[in-house]
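Examining the three-dimensional arrangement
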Amino acid sequence: MSISLSSLILLPIWINMAQIQQGGPDEKEKTTALKDLLSRIDLDELMKKDEPPLDFPDTLEGFEYAFNEKGQLRHINTGEPFVFNYRDDLHRWNQRRYEALGEIITKYVYELLEKDCNLKKVSIPVDATEHEPKSFIFMSEDALTNPQKLMVLIHGSGVVRAGQWARRLIINEDLDSGTQIPFIKRAMNEGYGVIVLNPNENYIEVEKPKTHVQSSSDSSDEPSEKRERKDKVSKETKKRRDFYEKYRNPQREKEMMQLYIRENGSPEEHAVYVWDHFIAQSAAENVFFVAHSYGGLAFVELMIQREADVKSKVTAVALTDSVHNVWHQEAGKTIREWMRENCCNWVSSSEPLDTSVESMLPDCPRVSAGTERHELTSWKSFPSIFKFFTEASEAKTSSLKPSLTRRSHRLKHEEL
């Protein structure tokens, strides 16, 4: 096991402090002296010496990885899967490397949505000025004109962006399980228009302008001793805050600030905005949602804010391990009743696919996704979701409700 330079330097001091603290009150002065010594050590510089530069490639080829014909990420020379612990005992550096690869994966999926799925990238807000922060969604050419069916896809929270279910699956498993591409392609083949939301793209980061903060001692009428104490406390607080920030990312030279995107500053805002400006304006008689994890919460919030419109336009909703909560979100009785009839939540479970799962909440039925892994629930329930939508569409035509919401037994494998 390798030991970092900073650990070797600090280890004797830590040992001495531990030994001193076991002593009596006479050792208090020694403890204070050692703490003062620690405060004088520039840990930031030590960490920088320990850690290689956070300078990573900006292409898959630069990382020496590529997706094979099965959609699996493999090293172009060895054929091995991605290795997280590229450098031993440098977890933070390995994490930054993983995140850098993740950003490349995000751009790669965007390219697939446009080139492989023939979706178009649409900027939002629709009336954005040239210089204000912007986001975007993806849509099929017929998303707003298809008179029959429209499918809307919403991913969960975190680092994922439009077209992804889980970055971890894309990197460690394959594109089919980790992206929304199989849903998009099948939907388009079955005559759906498609809209892919981008609910985590809520702000842009820009470099924070440097400002000179005037010392409180320059303009205060307080006694000089009190001002000096306050200034000292303020400086120490800032020093600690800066240290922890640099420990989290020691080689980050620029201080950044976030500029939020108008009317899209959160996943909930984004869902409502896309509904108002796109989905509600579409020609489709039947709108279907697939919402994973936090995407389910965003859909429930959309329904709370646009209940009548959603009820009149949405035919069925497939949730996958949704984290919504009708009590905490204060969804009314009419919403809960509508969800019981028109939604189904495929949840992580050890039970076989589509087996009924007990629910403590009075909302939509819950069935097993056939996996205990949260991030896999969308992919594992893929065939059942399309069957559910077909049944819902047929039921609407014949004024019946989709049968899956009333079944207590597992669907036969042959039916899938």
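What counts and what doesn't
Residues numbered from 1 in each chain as written. Predicted model: local features only at pLDDT ≥ 70, side-chain atom pairs only at ≥ 80, totals over all residues. Heavy atoms only, no water. Core = buried A, V, L, I, M, F, W, Y, C linked by side-chain atoms within 4.5 Å. Buried < 20%, exposed > 50% of the residue type's maximum accessible area, 1.4 Å probe, protein only. Helix = DSSP H or I, 4+ residues; strand = E, 2+ residues; numbered from the N terminus. pLDDT = per-residue confidence, 0-100. Contact = heavy atoms within 4.5 Å. Phe/Tyr/Trp six-rings, centres within 6.5 Å; stacked < 30°, edge-to-face > 60°. Salt bridge = Lys/Arg side-chain N within 4 Å of Asp/Glu carboxyl O. Polar contact = N/O pair within 3.5 Å; in protein donor to acceptor, adjacent residues only side chain to side chain. Axes fitted to C-alpha atoms, helices over the stretch in contact; angles between N-to-C directions. Parallel < 35°, antiparallel > 145°, perpendicular 65-115°, else oblique. Left-handed = near helix turned anticlockwise from the far one by under 90°. Nonpolar A, V, L, I, M, F, W, Y, C, P; charged D, E, K, R; others polar.

**Here we look at the nonpolar core**
Grouped together as the largest cluster of nonpolar side chains are 51 residues, with contacts concentrated most on W346 and F389. Looking at this core element by element, the count peaks at ten residues for helix α5 (residues 91-115).

**Considering the confidence of the model for the chain**
The predicted model of the chain has a mean per-residue pLDDT of 84, with 75% of residues at 70 or higher. Here residues 44-49 scores under 50 on pLDDT; set against residues more than four positions off or in separate chains, the count is 13 contacts. Below pLDDT 50 for its whole length, residues 405-416 participates in 24 contacts with residues either more than four positions away or in separate chains.

**Some thoughts on helix α10 (residues 267-279)**
With ten of its 13 residues buried, α10 lies for the most part within the structure. Those residues of α10 that sit buried are P267, E268, H270, A271, V272, Y273, V274, W275, F278 and I279.

**Remarks on the packing of aromatic side chains**
What the rule picks out here adds up to 21 aromatic pairs. Taking the centre distance of 5.2 Å and the plane angle of 55° together, the rings of F56 and W93 count as tilted. Pair noted here: F56 is in the loop between α3 (43-50) and α4 (60-63) and W93 is in helix α5, with a separation of 37 residues, a long-range link. Given a relative accessible area of 18%, F56 falls into the buried group.

**A few points about the pattern of salt bridges**
Summed over the entire model, instances satisfying the criterion amount to 15 salt bridges. Across the salt bridge formed by E99 and R96, the nearest N and O atoms sit 3.9 Å from each other. With a gap of three residues between them, E99 and R96 both fall in helix α5, about one helical turn apart. Since its relative accessible area comes to 15%, R96 is described here as buried. For R262, the salt bridge is made with E132, and the minimal N-O distance between the two is 2.9 Å. You can see R262 sitting in the loop between β8 (256-260) and α10 and its partner E132 sitting in the loop between β3 (120-124) and β4 (135-139), a full 130 residues away along the chain. One continuous salt-bridge network, built from bridges that share partners, spans D127, E132, R262 and E263.

**Quick look at the side chain of H75**
Relative to the helices and strands, H75 is located in strand β2 (residues 73-75). A distance of 3.1 Å separates a polar side-chain atom of H75 from the backbone nitrogen of N77. Setting aside its immediate chain neighbours within four residues, H75 contacts E64, Y65 and E80.

**Quick look at unusual backbone geometry**
In most cases, non-glycine residues show a negative phi, while peptide bonds are predominantly trans. The amide bond that connects I124 to the next residue, P125, takes the cis arrangement and shows omega of 0°. Here N118, not a glycine, exhibits a phi torsion of approximately 60°, which is positive. Within the element layout of this structure, N118 appears in the loop between α5 and β3. Of note in the backbone geometry, D354 takes a positive phi value of approximately 75° without being a glycine. Along the polypeptide, D354 turns up in the loop between β11 (343-347) and β12 (356-357).

**A look at the environment of A284**
One can find A284 in the loop between α10 and β9 (286-292). Sequence separation between A284 and V314 is 30 residues, and the spatial gap between their C-alpha atoms is 9.5 Å. When near neighbours in sequence (up to four residues on either side) are disregarded, A284 contacts N146, P147, Q148, K149, L150 and K313.

**Some points on the packing of α10 against helix α11 (residues 294-305)**
Relative to each other, α10 and α11 sit at 55°, their axes nearing to 9 Å. In terms of orientation, α10 lies oblique with respect to α11. For the pair α10 and α11, the sense of crossing is right-handed. Taking contact as the criterion, the partners of P267, E268, A271, V272 and W275 in α10 are, on α11, Y294, L297, A298, E301, L302 and Q305. Residues belonging to the contact of α10 with α11 are distributed by class as follows: eight nonpolar, one polar and two charged.

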